[in-house]
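Chain by chain, the residues run as shown.
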Amino acid sequence: MTPPAETLPANFVPGQRWAYHTRSGEEASRLLVLKVEVLNGEEVVHLSIGGLAMNNPLSPGGVSQQIGHVPIGASALRRSVTWLEESAAELPEDESGYWQWKAAADRGEAGVFTLEIADLVDVLEEAFQTAHSGQYPPQQTQPGSVFGKSNRTLKA
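A brief structural summary. (Residues numbered from 1 in each chain as written. Predicted model: local features only at pLDDT ≥ 70, side-chain atom pairs only at ≥ 80, totals over all residues. Heavy atoms only, no water.)

1. Here we look at the overall build of the chain
Stage number 1. If you tally the helices and strands in the chain, you get 3 helices and 5 strands.
Stage number 2. Going from the N terminus to the C terminus, the chain shows its helices and strands as β-β-β-β-α-β-α-α.
Stage number 3. Across the 156 residues of the chain, 38% fall into the buried class.
Stage number 4. Sequence-distant contacts in the chain: of pairs separated by 6 or more residues, those separated by 24 or more amount to 61%.
Stage number 5. Surface accessibility of the chain: about 9000 Å² in total, with carbon and sulfur atoms responsible for 52%. (Helix = DSSP H or I, 4+ residues; strand = E, 2+ residues; numbered from the N terminus. Buried < 20%, exposed > 50% of the residue type's maximum accessible area, 1.4 Å probe, protein only. Contact = heavy atoms within 4.5 Å. Areas by Shrake-Rupley, 256 points an atom, 1.4 Å probe, with all protein chains shown as cover.)

2. Description of the side chain of Ser48
Stage number 1. Mapped onto the elements of the fold, Ser48 is located in strand S3 (residues 42–55).
Stage number 2. Accessibility expressed as a relative area gives 7% for Ser48, which makes it buried.
Stage number 3. If sequence neighbours within four positions are ignored, Ser48 has contacts with Arg30, Leu31, Leu32, Leu34, Gln66, Ile67 and Gly68.

3. So, the pairing of strand S2 (residues 30–39)
Stage number 1. Where strand S1 (residues 17–20) meets S2, 2 bridges bridge the pair, whose relative direction is antiparallel. Looking at the pairing, Arg17 lines up with Leu32 of S2.
Stage number 2. Relative to S3, S2 runs antiparallel, the two sharing 9 bridges. From the neighbouring strand, Leu32 faces S3, where its bridge partner is Ser48.
Stage number 3. In textbook terms, the turn of a hairpin is the stretch between consecutive antiparallel strands, and for S2 and S3 this stretch comprises 2 residues, one of which, Asn40, has a positive phi near 50°. (Pairing = 2+ DSSP bridges.)

4. Let's talk about the pattern of salt bridges
Stage number 1. By the definition in use, this model includes 10 salt bridges.
Stage number 2. One salt bridge in this structure joins Arg78 and Glu43, with 3.2 Å as the shortest N-O distance. Of the two residues, Arg78 sits in helix H1 (residues 74–80) while Glu43 sits in strand S3, which places them 35 residues apart along the sequence.
Stage number 3. Several salt bridges converge on common partners, so that one network encompasses Arg23, Glu26, Asp122 and Glu125. (Salt bridge = Lys/Arg side-chain N within 4 Å of Asp/Glu carboxyl O.)

5. Considerations on the side chain of Ser29
Stage number 1. The topology assignment puts Ser29 in the loop between S1 and S2.
Stage number 2. Only 2.6 Å separates the side chain of Ser29 from the side chain of Tyr20, close enough to count as a polar contact.
Stage number 3. Engagement of the side chain of Ser29 in a polar contact is seen with the backbone oxygen of Gly50, the distance being 2.6 Å. (Polar contact = N/O pair within 3.5 Å; in protein donor to acceptor, adjacent residues only side chain to side chain.)

6. Concerning the nonpolar core
Stage number 1. Among the nonpolar cores identified, the biggest contains 24 residues, and Leu31, Ile49, Ile72, Leu77 and Ile117 are the most heavily contacted of them.
Stage number 2. Going through the elements one at a time, S1, S2, S3, strand S4 (63–73), H1 and helix H3 (117–133) are the ones with two or more residues in this core.
Stage number 3. With residues near it in sequence (within four places) discarded, Ile117 still touches Tyr20, Leu31, Leu47, Ile49, Ile72, Leu77 and Ser80. (Core = buried A, V, L, I, M, F, W, Y, C linked by side-chain atoms within 4.5 Å.)

Quick look at the structure:
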């Protein structure tokens, strides 16, 4: 169920913890707003996502429970969130994920997700599976893939 428009935030703020439309089995997953900035006239929200159960053969135990940094367009985030759970959560000290993304973005090699969060998690899970399969060397990505310059939408 999508929240009424009047309950959605005019602006996201670092330290907000949000519930969102999760994937099945991840109902306890939450988003933490790490940073907000405007790039090329678009509001970009940097998040961490916890409480996941993403299949990831590259993680110990084969499951990732957290994504430390995800840049997403504010409009996609607004379509994903359901309620604000906390407004002053402690932020992690490690900002290395953001700075790696920022350097790549400044070179034109990284972008911003426009998918809703549940779809974004699906795409990342698929990318981990592909990376583990050895189908594409780590230095190369399939054109248009999640790690390429363009975002992609999921087929229904």
